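If you want the building blocks of each chain, they are given just below.
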Amino acid sequence: MNPKPLMTMLLLAALPAFAAEPLPDRAALAAERARINARHAEASRACAARFNVNACEQEARRERAAALAPVVAREQALDAQARLARSEAQRQRVAERQRAAAEDEAQRRQNQVRAAAAAPPPAPVAPAGPRATPERPDPQAHARAVQRDIERGERSAERHRVLARQRQQLSNEQREHAQRREKERAAQRKPGIQLPVPTAEEIKALPGGRAASGPAGKP
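The rules behind each value
Residues numbered from 1 in each chain as written. Predicted model: local features only at pLDDT ≥ 70, side-chain atom pairs only at ≥ 80, totals over all residues. Heavy atoms only, no water. Helix = DSSP H or I, 4+ residues; strand = E, 2+ residues; numbered from the N terminus. Buried < 20%, exposed > 50% of the residue type's maximum accessible area, 1.4 Å probe, protein only. Contact = heavy atoms within 4.5 Å. Expected span 1.5 Å × (residues − 1). Arc of directions from axis to C-beta. Axes fitted to C-alpha atoms, helices over the stretch in contact; angles between N-to-C directions. Parallel < 35°, antiparallel > 145°, perpendicular 65-115°, else oblique. Core = buried A, V, L, I, M, F, W, Y, C linked by side-chain atoms within 4.5 Å. Bend = angle between axes of the 7 residues up to and from the residue. Polar contact = N/O pair within 3.5 Å; in protein donor to acceptor, adjacent residues only side chain to side chain.

Novice: Whenever I open this one, the overall build of the protein confuses me. Can you help?
Specialist: Across its full length, the protein carries six helices and zero strands. Along the chain direction, N to C, the helices and strands of the protein fall in the order α-α-α-α-α-α. The proportion of buried residues among the 219 residues of the protein is 7%. Partitioning the intrachain contacts of the protein with sequence separation of at least 6 by distance along the chain shows that 74% fall at a separation of at least 24.

Written out as structure tokens, the structure reads:
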């Protein structure tokens, strides 16, 4: 069993008894704790001079614990009192918020009631007239509309075909023009035909070649 909740309950139950006697402040309790610790330290030093040191120190610790018990009880009572004060303050804050919210809600409802009372009565609703009979579709009008859509589609397709033929013709003309230009440029770049230069033997072999090649005036 956890002793902490039990200790808290005992302290809360003992608060009325402490309330009859004013609780010391924390500074006074701290000073009392310091005096008890100082006496314990002095007793521990005195135990060092005795033969049975352990027994002396145990006795000093028991005296210190007994002296600190009321101090601890008063400190815990102060803690419980502070917690109660915080809890009461929180409860009051919650109650204040709830009260303010309730007042706001009441004011809002009063405003709604006043607005409803001041509003003019709603205008009477006119009785609904006879329901109009939907018009029946005309089959002939529908057929004419379908025919118009078909003709419109055919005209659009014909325009696309004409444009495609024109683009193809223009492309062919541009290609032929480019080919002619390329042939003309190739003809301009082709060098002329050069005749071979005859050798001396070929000249002598020609008729009259020897006489033509001899000295002038010689038979």
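Novice: Would you take a moment to explain helix α2 (residues 26-47) for this structure?
Specialist: Three or four residues apart is the spacing at which side chains of an α-helix point the same way, because the helix has 3.6 residues per turn. Compared with the 32 Å implied by 1.5 Å per residue over 22 residues, the 31 Å span of α2 between its first and last C-alpha is a close match. Looking only at α2, the buried set comprises Leu29, Ile36, His40 and Cys47. One side of α2 carries all its buried residues, which in axial view fall inside an arc of 40 degrees. Exposed residues lying more than 90 degrees from the buried face of α2 are Ala27, Glu42 and Arg45. Of the surrounding secondary structure, the elements contacted by the buried residues of α2 are α3 (53-118).

Novice: Which parts of the structure should I look at to understand the packing of α2 against α3?
Specialist: When two helices pack together, their arrangement is given by the angle between the helix axes and by the axis-to-axis distance. For the pair α2 and α3, interaxial distance at closest approach is 9 Å and the crossing angle is 175 degrees. One way to sum up the angle between α2 and α3 is to call them roughly antiparallel.

Novice: Where do I start with the nonpolar core in this structure?
Specialist: Nonpolar side chains in soluble globular proteins generally cluster together in the buried interior. Counting five residues, the largest nonpolar core consists of Leu29, Ile36, Leu68, Val71 and Leu78. When contributions to this core are tallied by element, the ones reaching two or more residues are α2 and α3. With three residues, α3 is the single largest residue contributor to this core. Setting aside residues no more than four positions away along its own chain, Val71 makes contact with Leu29, Glu32, Arg33 and Ile36.

Novice: It is not clear to me how α3 should be interpreted in this structure. Could you clarify?
Specialist: Here α3 contains 66 residues, and its C-alpha end-to-end distance of 95 Å stays within 8% of the 98 Å for a straight helix at 1.5 Å per residue. Along its length, α3 shows its largest kink, about 35 degrees, at Leu68, and proline Pro70 lies within four residues downstream of that point. Every buried residue belonging to α3 is among Cys56, Ala60, Leu68, Val71, Ala77, Leu78 and Ala80, and all of these are buried. Between the side-chain oxygen of the N-cap and the backbone nitrogen of Ala55 there are 3.4 Å, and the N-cap of α3 in question is Asn52.

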